Amino acid sequence: MNLLIVDDQRVVADSLANSLNYRSVGIDEVYTAYSAMEARLVMLNFDIDILLTDIEMPEEDGISLFRWMRKKFPNIVGLFLTSHADFAYAREAIQLGGFDYILQPARYEDVEAALAKAVIEANKKVRIHKLEQASEILEDQRDSLMELFLLKAKAGEHAEAEKIYVKMRNTFFDSFEKPVYHPVLINILRFEQKKNKWNEALLKLVFRNVLEELLEEYSVKVIITKMDLQNYMLIAVSEGNVLPVETWCKSIDSFGSFINTRMDFRVAVYPKKHELTQYCNDSFMELKRRRDANTTSDYGVFWEVAPEDFGVVDNVERIRKAEDYIRANITSGITRTEVAEYVHLNEDYFTREFKKYTGHTYKDYEVMIRMEMAKTTLTKTNLPVSIVASKAGFDNFSHFSKSFKKYTGMTPQEYKKTSRKMTNGNRKKSGR
């Protein structure tokens, strides 16, 4: 436990530092400073637990120093030295959060008694700080378990996923006797500003804090993990049979409304209405189906259950329409986002469905169309290879040549010669 004594009168500060029996009240080290500026430097460079400062000092008084300390080092316990003449200052210091004040002149015994009380208070703050740190570590551990659980579930390793789910559940037994779980899938649809300030940590902080605040009465704890660029899975944990369904639904509606009206991004929220007591993969898959059913990317809270065969026939037609659109506009620099909008599908959902029905990723499919176009042009025309590259939508000739060779196994020039020979050979065989 370390003490900092601050007084512009050097003799006073040194006298207190050298004459008091600090060991007896639990203080290990004593530092001195003769101005507020010097005191700041000490606190910035050494671990200080208790500040004992004069109030009335030139240049900067003890009240100003204390305000700075409260912002920078809120866990330091503040004691004030004051005279009867400036007692109003002492009252202000206590109102600002100071622990106690000592009237001067004071006996050493009185100072030691005040310091003994301050040591007890400082120890409390240390314990609270350690508990807060432990709570943060536990929170991170739960989020990590959640991420691992989702990875296993996504891979179809349900036995492993269930083990991790049980381990995640066990971390709540210090808070709940019979914990139950409320899954929520959050899909970030768009940010209102191109240069947004949101990163993963900040988004998780907002989602967690807002929902825990709404359900504070029920001591709900939230674990959350990022699934991919736009999707977060959140689980609210509560005591079994304590959180009414009506309250849960109302709170989630408020959660979605708050995010979509107060934040500069829009979300679609897909919650489970009834609590879970154990791992159930179907429940998580149902949330994803509900997300995929939102093909127009509407924001808000969606409680309805999506049928298992949702959109199968309709999506086949949409993907065929997307293929036609890509072929017709391949040279105009279209993007995946534009194609998804053209067929009225959420971009993430479109990406998954496109690969499912075509067997290719969007990027690979686009390259394939460009290469087939280039092959046809090389075979049927006498255009220079550079022009062929440009017609296929390539601005960089070197990039086109590398991509073409990777796709066909030949350079554009080699392919042109080979295809011409084959064409001429076929003509001779047919007698033309």
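Residues numbered from 1 in each chain as written. Predicted model: local features only at pLDDT ≥ 70, side-chain atom pairs only at ≥ 80, totals over all residues. Heavy atoms only, no water.

**Section: helix H7 (residues 200-214)**
Its 15 residues give H7 an end-to-end C-alpha distance of 22 Å, which sits within 8% of 21 Å, the value for a rise of 1.5 Å per residue. Among all positions of H7, only Leu-203, Lys-204, Val-206, Phe-207, Arg-208, Val-210 and Leu-211 are buried. (Helix = DSSP H or I, 4+ residues; strand = E, 2+ residues; numbered from the N terminus. Expected span 1.5 Å × (residues − 1). Buried < 20%, exposed > 50% of the residue type's maximum accessible area, 1.4 Å probe, protein only.)

**Side note on the confidence of the model for the chain**
Interpreting fine coordinate detail is not advised for predicted regions of low pLDDT. When pLDDT is averaged along the chain, the result is 81; 84% of the residues meet or exceed 70. Per-element confidence in the chain ranges from a low mean pLDDT of 59 for helix H4 (residues 87-95) to a high of 92 for strand S9 (residues 265-271). Long-range and interchain partners of residues 306-313, a stretch whose pLDDT sits below 50, account for 11 contacts in this model, where long-range means more than four residues apart. (pLDDT = per-residue confidence, 0-100. Contact = heavy atoms within 4.5 Å.)

**With respect to the packing of aromatic side chains**
Counted by the stated rule, this structure contains 17 aromatic pairs. Relative to Phe-255, the ring of Phe-207 lies with its centre 6.1 Å away and its plane at 55 degrees, an arrangement referred to as tilted. One end of the pair, Phe-207, is in helix H7; the other, Phe-255, is in helix H8 (residues 245-262), with 48 residues separating them in the sequence. An angle of 85 degrees between the planes, with centres 5.1 Å apart, marks the rings of Phe-354 and Tyr-365 as edge-to-face. Placement of Phe-354 in helix H12 (residues 347-358) and of Tyr-365 in helix H13 (residues 362-380) is noted, with a sequence separation of 11 residues between them. By the burial criterion, Phe-354 is buried, and Tyr-365 matches it. Feature note: the residues Phe-191, Trp-198, Phe-207, Tyr-232, Phe-255 and Phe-265 constitute an aromatic cluster, connected by ring pairs. The side chain of Arg-10 reaches across the aromatic face of Tyr-34, ending 4.0 Å from its centre. (Phe/Tyr/Trp six-rings, centres within 6.5 Å; stacked < 30°, edge-to-face > 60°. Lys NZ or Arg CZ within 6 Å of the ring centre and 35° of its normal.)

**Notes on the pattern of salt bridges**
Here the structure, examined in full by the defined rule, presents 13 salt bridges. With a closest N to O distance of 3.3 Å, Asp-292 and Arg-291 form a salt bridge. On the basis of relative accessible area, Arg-291 is assigned to the buried category, the value being 10%. Look at the salt bridges and you will find they share partners, linking Arg-291, Asp-292 and Arg-352 into a network. (Salt bridge = Lys/Arg side-chain N within 4 Å of Asp/Glu carboxyl O.)

**Overview of a nonpolar patch on the surface**
Together, Met-37, Leu-41 and Leu-44 give the surface a local cluster of nonpolar side chains, amounting to about 310 Å² of exposed area. Relative to the elements of secondary structure, Met-37 occurs in helix H2 (residues 36-45). (Patch = residues over 30% accessible without salt bridge, like charges linked within 9 Å, V, L, I, M, F, W, Y side chains within 5 Å. Areas by Shrake-Rupley, 256 points an atom, 1.4 Å probe, with all protein chains shown as cover.)

**Here's the deal with the pairing of strand S3 (residues 50-54)**
Successive side chains on a regular strand alternate, one facing one side of the sheet and the next facing the other. Burial of S3 is extensive: 5 of the 5 residues sit out of reach of the surface. Of the two faces of S3, the one lined by Ile-50, Leu-52 and Asp-54 and the one lined by Leu-51 and Thr-53 are each fully buried. Bridge analysis of strand S1 (residues 2-6) against S3 gives 4 bridges, and the strand direction is parallel. When the bridges of S3 are listed, Leu-3 appears paired with Ile-50. Bridge count between S3 and strand S4 (residues 77-82): 5 bridges; the pairing is parallel. (Pairing = 2+ DSSP bridges.)

**Let's talk about the sheet that holds strand S10 (residues 300-301)**
Two orientations exist for strands paired in a sheet by backbone hydrogen bonds: parallel and antiparallel. The strand order across the open sheet built from 5 strands is S7-S8-S6-S9-S10, with neighbouring strands paired in mixed fashion. The sheet is open, and its two edges are formed by strand S7 (221-226) and S10, each paired on a single side. In this sheet, strand S8 (residues 231-239) lies alongside S7 in antiparallel orientation, the contact comprising 6 bridges. Note on S8: the bridge partner recorded for Ile-224 is Leu-234.

**Some remarks on the side chain of Thr-53**
Relative to the helices and strands, Thr-53 is located in strand S3. Note on Thr-53: relative accessible area 0%, which makes it buried. Setting aside residues up to four positions removed in sequence, Thr-53 forms contacts with Val-6, Gly-62, Leu-65, Leu-79, Phe-80 and Leu-81.

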